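# Structural overview for review
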Amino acid sequence: MAYQTINPTTNELIKTYPNHTDADIETALDVAHKLYKSEWSKGPIAPRLQVLERLADLIDARKEELARIATVEMGKLISDARDEVWIIAEIARYYARNAEKFLAPSKIDSPLGEAWVEHHPIGVLLAVEPWNFPYYQLMRVFAPALAAGNPVVAKHASIVPHCASVFEELVNEAGAPKGAWKNLFITSTQVANIIADDRVQGAAMTGSEGAGSAIAAQAGKYLKKSTLEMGGNDVFVVLDDADLDKAVEIGVFSRLHISGQECICAKRFVLHEKIADKFLQKFTAGMAGVKMGDPLDENTRLGPMSSAEAVKGLSKQVERALAHGATLHLGGLAVEGEGNFFEPTILTHIKRDNPAYFEEFFGPVAQVYVVKNDDEAVELANDSRYGLAGAVFSQNIERAKSLASRIETGSVWINTFASTSPELPFGGVKRSGYGRELSELGIKEFVNQKLVLVAKS
Ligand SMILES: NC(=O)C1=CN([C@@H]2O[C@H](COP(=O)(O)OP(=O)(O)OC[C@H]3O[C@@H](n4cnc5c(N)ncnc54)[C@H](OP(=O)(O)O)[C@@H]3O)[C@@H](O)[C@H]2O)C=CC1
Ligand SMILES: CCCCCC(=O)O
């Protein structure tokens, strides 16, 4: 797999990056493992947290440059790219200011004696990350790992090598020692070999089910801890007492965020029958009215998809859905000409025997379903092999909370779109993966939570 920067707005090949060799990998693992064995990893946390503070400041200082690199490399709106640069600095600061508290020994009342749990690093981790949030996906692994003392070797997606390179540059400039974070332009086979290496103790992966399954299988074979964040087919439930205009505005934003290439964006719109027609009318107007174009233009609201392959895959998915009886309510086609653009699309009347019913559309394609009541909404939400996130709109908060508790996902957001913040755990269930990133939960995924007990004398 070649590591290349291809501008998805123009399809221009900007740069090809050389792959790393097996010898490069050996060096990276040797340096990282020696760092893990050093005082840096096992000693006081303060020096590691100072690196995170400096990293956040460096990111702030280069915000516009970093945002532009992401937009040119994977096509997200420049405003979304700025948001991403902002949040990775916030993640770094969050762990810089909270990790010591999270990792402090926690006492346990025991009749056997004085007991407590200590939190120790476990060793070198592997991160395998996707292109849709090219900095955020890296920082979500790096910040807690650095705070805990776990060095990381990282394989980023092959279409965002510039983002991968500049992230490593920032980490080094922030004063992280060699081995704390090493980006590797490598193949899937080399990833498998790294997981098998005795110096590697865990793997964090975000991406597709296929890749996640391969990585989890290899990690399982070698008894390494892993966390997976994979696809989602999140519901956007609009109940009959929802604020419709608010739900429409947020629904259009969520479905089209990152050109629909976000695992937690709204994908299955589940509408109470009493408001379905009215919502669909407004939603259709909203989707049809967005300005599609150059993601560097501040007025653009829908940019290109990440690659020509992604557009081809989405086109085939829509064709298959229609061939199995879905109704094309809006859009449905790739935009002819330069760049990887796909029309805002709405599919309705998707029956359960249509493959689309169970599929995630990783692009600007909304599926619309109509239900009679709350129970049907929950039943449809849970009739999925995924379980990442979801949203519920109702002006009766107790009613919305009841649905939220019954929906089988890693998170449910009431009267807003699913998103992320450093203090909130991120992850899912079923085929959306396992484990949590961010928050106090995230930093404890790859630490040895060690019990120490002093027997009563
Ligand atoms: N949860 C999330 O945030 C995301 C989920 N996805 C899901 O993935 C689907 C496809 O997106 P895509 O980018 O192709 O996702 P992939 O899973 O193919 O890519 C994610 C990362 O995994 C790597 N990878 C792929 N296959 C393997 C393998 N067998 N062993 C080791 N590493 C591997 C990729 O490398 P390389 O780039 O070199 O192939 C990339 O670094 C989307 O439709 C969506 O469902 C995608 C992006 C984000
Ligand atoms: C908002 C951040 C989301 C990152 C993972 C995803 O695509 O859902």
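Residues numbered from 1 in each chain as written. Chains lettered and ligands numbered in written order. Predicted model: local features only at pLDDT ≥ 70, side-chain atom pairs only at ≥ 80, totals over all residues. Heavy atoms only, no water.

## Side note on the site of ligand 2
- In the vicinity of ligand 2, the contacting residues are Asn-132, Phe-133, Tyr-136, Gln-137, Glu-229, Glu-262, Cys-263, Ile-264, Thr-420 and Phe-426.
- Measuring from an oxygen atom of ligand 2, one finds a backbone N or O atom of Cys-263 at 2.7 Å.
- In the environment of ligand 2, an oxygen atom lies 3.0 Å from a nitrogen or oxygen atom belonging to the backbone of Ile-264. (Near = heavy atom within 4 Å. Polar contact = N/O pair within 3.5 Å; in protein donor to acceptor, adjacent residues only side chain to side chain.)

## Notes on the environment of Leu-13
- Secondary-structure assignment places Leu-13 in strand β2 (residues 12-17).
- Taking the C-alpha atoms as reference points, Leu-13 and Asn-183, separated by 170 residues in sequence, lie 21 Å from one another.
- Once residues within four sequence positions are removed from consideration, Leu-13 is found in contact with Gln-4, Thr-5 and Ile-6. (Helix = DSSP H or I, 4+ residues; strand = E, 2+ residues; numbered from the N terminus. Contact = heavy atoms within 4.5 Å.)

## Points about the sheet that holds strand β6 (residues 152-155)
- The strand order across the open sheet formed by 6 strands is β7-β6-β5-β8-β9-β19, and the pairing between neighbours is mixed. Every interior strand has two partners, whereas the edge strands, β7 (181-183) and β19 (433-434), have only one.
- Note: strand β9 (residues 225-229) against β19, 2 bridges, orientation antiparallel. Bridge pairing in β19 links Leu-228 to Tyr-434. (Pairing = 2+ DSSP bridges.)

## A few points about the side chain of Ser-315
- Structurally, Ser-315 can be placed in helix α12 (residues 308-323).
- The contact partners of Ser-315, leaving out residues within four places of it in the chain, are Ala-334 and Phe-342.

## A look at the sheet that holds strand β16 (residues 390-393)
- Ordered by their spatial adjacency, 7 strands build an open sheet running β12-β13-β14-β11-β10-β16-β17, and the pairing between neighbours is mixed. Of all the strands in the sheet, the pair left with one neighbour each is β12 (327-330) and β17 (413-414).
- Bridging between strand β10 (residues 235-238) and strand β11 (residues 268-272) involves 4 bridges; their strand directions are parallel. From the neighbouring strand, Val-238 faces β11, where its bridge partner is Leu-271.

## Brief notes about the site of ligand 1
- With respect to spatial proximity, 25 residues lie near ligand 1, and among them Glu-129, Trp-131, Ser-208, Cys-263 and Glu-360 are the closest.
- One nitrogen or oxygen atom from the side chain of Glu-229 is found 2.8 Å from a nitrogen atom belonging to ligand 1.
- In the complex, the protein chains occlude 79% of the 860 Å² of accessible area that ligand 1 would expose alone.
- In terms of residues, the shell around ligand 1 owes the most to one element, helix α9 (residues 209-221), which gives 3 residues. (Areas by Shrake-Rupley, 256 points an atom, 1.4 Å probe, with all protein chains shown as cover.)

## Thoughts on the nonpolar core
- Judged by nonpolar contacts, the single largest core of 70 residues is most densely connected at Leu-52, Ile-59, Tyr-95, Tyr-135, Met-139 and Phe-142.
- Residue assignment for this core shows that the elements contributing at least two residues are α3 (46-61), α4 (63-74), α5 (78-102), β5 (124-128), α6 (136-148), β6 and α7 (161-173).
- No other element matches the 13 residues that α5 contributes to this core.
- Judged by nonpolar contacts, the second largest core, of 27 residues, contains Ala-321, Leu-347, Tyr-357 and Ala-377. (Core = buried A, V, L, I, M, F, W, Y, C linked by side-chain atoms within 4.5 Å. Buried < 20%, exposed > 50% of the residue type's maximum accessible area, 1.4 Å probe, protein only.)

## A few points about the packing of aromatic side chains
- A complete count under the given rule lists 17 aromatic pairs for this structure.
- Between Tyr-3 and Phe-185 the ring centres are 4.7 Å apart and the planes differ by 35 degrees, which places this aromatic pair in the tilted class. Of this pair, Tyr-3 sits in strand β1 (residues 3-7) while Phe-185 sits in the loop between β7 and α8 (188-196); the two residues are 182 residues apart in sequence, bridging distant segments of the chain. Taken individually, Tyr-3 and Phe-185 each receive the classification buried, so the pair is uniform in this respect.
- Aromatic pair Tyr-357 and Tyr-369: ring centres 5.7 Å apart, planes at 90 degrees, arrangement edge-to-face. On the criterion of sequence distance, the pair formed by Tyr-357 in the loop between β13 (345-348) and β14 (365-371) and Tyr-369 in strand β14 is long-range, its members being 12 residues apart. In this pair, the class of Tyr-357 matches that of Tyr-369, namely buried. (Phe/Tyr/Trp six-rings, centres within 6.5 Å; stacked < 30°, edge-to-face > 60°.)

## Some words on the UniProt feature "active site" (unreviewed entry) in the protein
- Using the residue numbers shown here, the UniProt feature "active site" (unreviewed entry) corresponds to Glu-229.
- If you trace the backbone, Glu-229 turns up in strand β9.
- The residues contacting Glu-229, other than those within four sequence positions of it, are Gln-137, Arg-140, Met-205, Thr-206, Gly-207, Cys-263, Leu-388, Phe-426, Ser-432 and Glu-437. (UniProt positions renumbered as here; feature names shortened; annotations may be inferred.)

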